[in-house]
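These are the residues of each chain, in order.
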Amino acid sequence: MRLSLILSTISTISIASGFHLFPPAFNPRQSLQKATTPITAFSPFPRTDITSLSSTETAEASGGETYKFDAEVSRVMDIIINSLYSDKSVFLRELTSNAADALDKRRFLSLTEEKQFSDGGIKIKTTPETLTITDNGIGMTKEELVSNLGRIANSGTRKFSQEIGKNDDTSLIGQFGVGFYSGFLVADKMTVETCREGGWHKWESEAGEGYTVVETEKPEDMEDQGTRLTLHLKKDCLEYAKSERLEELLGKYSSFIDFPIELWTEKTDYKQVPDPEDETGEKKKTVPEKVEKWELMNTQKPLWLRDPKEVTDDEYGEFYKSTFKSSYDDPLKHTHFRLEGQVELKSLLYIPGMLPFELSKNMFDEDSKNLKLYVKRVFINDDFEDLIPRYLKFIRGIVDSDDLELNVGREILQKSRILSVVRKRLVRKSLDMIKELKESDDYDKFWTNFGKYIKVGVVEDEQNIEELSGLCLWTMSDSEKMTSLEDYVSSMKEGQEKIYYISGDSKSQCLMNPAMEALKKKGYEAVLCVEPLDEIAVQTMGKFSDKEIVDATKEQWEDEEDKDQKEKEEERLQPAIDYLKELLGKKVADVGVTTSLTSSPSAARQGQYGMSPSMQRYMQAQAVALGEEENPMLGNMNEVKLELNPGHSVVNKFADMVAAKAKTADVYGELLYDLAMITSGYGVEDAKGLSERIVGIMEGGGDAGGVADAEVVG
């Protein structure tokens, strides 16, 4: 019971606005008191208040004191080291953050208490088996060593903030509770040498075995105050003793920390020296030379923390290129803002100038890192799905907030009200940025790269569907330029009450659709949905500017006068209609007559609730991708009605063939069906049969003219 209680306690640690370990209604001390045996404290380097897991024995050893932990504490240590973090390399982020905290504390006290403080910094140096992190920050007393490094989830940072009463002004990072012990991810022993006042002390521990605290001499190369942490690396973690690996991690996690981070590096330089084989002494030769020196790691400045009024467009552009490794991409737009109130957040968002390479292969590529989350300049993660909806996956940017709730390992965003607020604000700022871009000459470029994402937003973001609909551009039947629905509505013909669309695999296929004949007859323009996503988007919208959006192929175009003529023509052509029903059988749901066609002899029309041919192909492709032969969602939704144009000579010739019981009636009947399916976008399943029918007519000589020379009569 005690162990499960400890685990549940650790798993709920977060960095909410008050940095509470538990929800307000949960009292950890009361819960821990329910355990069968009293549990008393244990917690790491700067980080949250629980005084419930402590050392249970203290003994004198080598002039110092040895602290041992009971079995429960050792088990918690094992969980932190082996299960808490998904990536062991985050230890460097945690430990440099702690060092930055110590420097921030000392800097703050130097201002408030008028104490001397030289320029603060962090130095990192390695040997083949150790890694040392040194700072000249506030340091720790012996009592603070025992308190801060001897308790899991005890925060020296939070306590410091409470003591000075300036929680919002100290910009302290380390308020998470377990960061110090992340060092044991890569080390089997950790040594801390530190001094705040009253002399230097050394804290040393091997994971799970307790720790010792002894007095020690000040290291020769350190100031009178500060901390040095030495990690004795595990054999399988010696990669972290290489400066190249550390340089990579510092660039990822700590580029924007406010204090200089210097890494001791060994580089090979080349210099010109006299050639000893040249007697004249004039010749030179190039020789390698190993150079060891301190190299500054965090040269970038956190641009998002500056006042937007003081930042130039060139600076925004350079920051984008360096941060997102996009040397040849100039962003189309950026927005730099700060939020205050129920959530504090600083952010800098960009619209790229071109589609990122990884998104060109998969528009929702999980490996595409679009937003980088920082907490007080420290990089946390760039793989948060809940921070922004996927249709804004192309937005690049920085989000810096210490109000977002993370898991104890500072790797996963917890779902919360704060996250919902931040998500809404990021969406709002992104849409505002796109709306501003829509008024510029760059919008066509934006749409070419990212138009699909906006249409996905129409489908998935019900809350912003109206705004997203206004941002969409569409292919039009009467224009070579893509047009917005706003412009479509403004140019609608008098008397037109609806927005009409036709779907197909291409613009040419859409224009070939017989429904275009009815639209042209009335002088209406059509929105052409040339991709399945287009059709899904317009169907999701349903309306735009109070105008209903309808499929032109399903619209009934006949007026009262047309209906009277239609009834007469159906009666005249009834024998041909019955003949086709019997000939085609289950290929069609029905056969009838339409007066809306002007040049096509026949058309295939879907029922009111049927799927368009392009959507049917899309759905079938989805089924195949899932390993199914047929998509069960299609059902009878792909049945069509064959409609004949009673004024077309081919139709009338076919009617005459039926009346005369001509042998070629079957061929002409099948061709009327094939022609309707092709022009309406369905295609022909029996391509061999179609080719045989065409060859047969061509070989028939005079009968070829029956189709090729057909004219519309009446």
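Our subject is the structure that appears above.
The structure contained in this document is the topic of the report that follows. (Residues numbered from 1 in each chain as written. Predicted model: local features only at pLDDT ≥ 70, side-chain atom pairs only at ≥ 80, totals over all residues. Heavy atoms only, no water.)

## Looking at the overall build of the protein
Phase 1 of the analysis: When helices and strands are tallied, the protein shows 23 helices and 23 strands.
Phase 2 of the analysis: Expressed as a percentage of its 714 residues, the buried residues of the protein come to 52%.
Phase 3 of the analysis: A sequence separation of at least 24 residues applies to 71% of the contacts in the protein between residues at least 6 apart.
Phase 4 of the analysis: Accessible surface for the protein amounts to roughly 35100 Å². Of this, 46% is attributable to carbon and sulfur atoms. (Helix = DSSP H or I, 4+ residues; strand = E, 2+ residues; numbered from the N terminus. Buried < 20%, exposed > 50% of the residue type's maximum accessible area, 1.4 Å probe, protein only. Contact = heavy atoms within 4.5 Å. Areas by Shrake-Rupley, 256 points an atom, 1.4 Å probe, with all protein chains shown as cover.)

## Observations regarding the environment of V650
Phase 1 of the analysis: Inspection of the secondary structure assignment puts V650 in helix α20 (residues 649-659).
Phase 2 of the analysis: Assessed through its relative accessible area of 7%, V650 is described here as buried.
Phase 3 of the analysis: Along the primary structure V650 and L672 are separated by 22 residues, whereas in three dimensions their C-alpha atoms are 8.6 Å apart.

## Considering the state of the cysteines
Formally, a disulfide is one covalent bond, and it connects the sulfur atom of one cysteine to the sulfur atom of another.
Phase 1 of the analysis: Summed over the entire model, instances satisfying the criterion amount to 0 disulfides.
Phase 2 of the analysis: Between C510, a free cysteine, and C529, which holds the nearest cysteine sulfur, the sulfur-to-sulfur gap is 7.3 Å. (Disulfide = S-S within 2.5 Å.)

## Overview of the packing of helix α16 (residues 532-541) against helix α19 (residues 613-625)
Phase 1 of the analysis: For the pair α16 and α19, the least separation of the axes is 9 Å and the interaxial angle reads 110 degrees. With respect to α19, the element α16 is oriented roughly perpendicular. In the crossing of α16 with α19, the sense of the turn from one axis to the other is left-handed. On α19, the residues that touch P532, E535 and I536 of α16 are S614, M615 and Y618.
Phase 2 of the analysis: Looking at the contact of α16 with α19, its residues break down into 4 nonpolar, 1 polar and 1 charged. (Axes fitted to C-alpha atoms, helices over the stretch in contact; angles between N-to-C directions. Parallel < 35°, antiparallel > 145°, perpendicular 65-115°, else oblique. Left-handed = near helix turned anticlockwise from the far one by under 90°. Nonpolar A, V, L, I, M, F, W, Y, C, P; charged D, E, K, R; others polar.)

## Side note on the packing of aromatic side chains
Phase 1 of the analysis: A full pass over the atoms with the stated rule returns 26 aromatic pairs.
Phase 2 of the analysis: Summarising the aromatic geometry, the rings of Y320 and F324 are spaced 5.6 Å apart at their centres and angled 40 degrees between planes, so their arrangement reads as tilted.
Phase 3 of the analysis: Directly above the aromatic system of W294 lies the positively charged group of K123, at a separation of 4.5 Å from the ring centroid.
Phase 4 of the analysis: Above the face of the W264 ring, K125 is positioned so that its terminal group lies 4.6 Å from the ring centre. (Phe/Tyr/Trp six-rings, centres within 6.5 Å; stacked < 30°, edge-to-face > 60°. Lys NZ or Arg CZ within 6 Å of the ring centre and 35° of its normal.)

## Section: the pairing of strand β23 (residues 640-644)
Phase 1 of the analysis: The element β23 is largely enclosed, with a buried count of 4 among its 5 residues.
Phase 2 of the analysis: In terms of strand pairing, strand β21 (residues 590-593) meets β23 through 4 bridges, oriented parallel. The partner of V593 across the bridge, within β23, is L644. (Pairing = 2+ DSSP bridges.)

## Looking at the pattern of salt bridges
Phase 1 of the analysis: In the structure shown here, the tally under the stated rule is 32 salt bridges.
Phase 2 of the analysis: Note that E144 is salt-bridged to R196, the shortest N-O span being 2.7 Å. Of this pair, E144 sits in helix α5 (residues 142-149) while R196 is found in the loop between β5 (187-195) and β6 (201-205), placing the two residues 52 residues apart along the sequence.
Phase 3 of the analysis: Classification of E144 by relative accessible area gives partly exposed; the value is 22%.
Phase 4 of the analysis: A relative accessible area of 27% means that R196 is categorised as partly exposed.
Phase 5 of the analysis: For R228, the salt bridge is made with D221, and the minimal N-O distance between the two is 2.9 Å.
Phase 6 of the analysis: Of the residues examined, R228 reaches a relative accessible area of 15% and is grouped as buried.
Phase 7 of the analysis: Given the relative accessible area of 59%, D221 is considered exposed.
Phase 8 of the analysis: Within this structure, D104, R107, D258 and R377 form a network of salt bridges that share partners. (Salt bridge = Lys/Arg side-chain N within 4 Å of Asp/Glu carboxyl O.)

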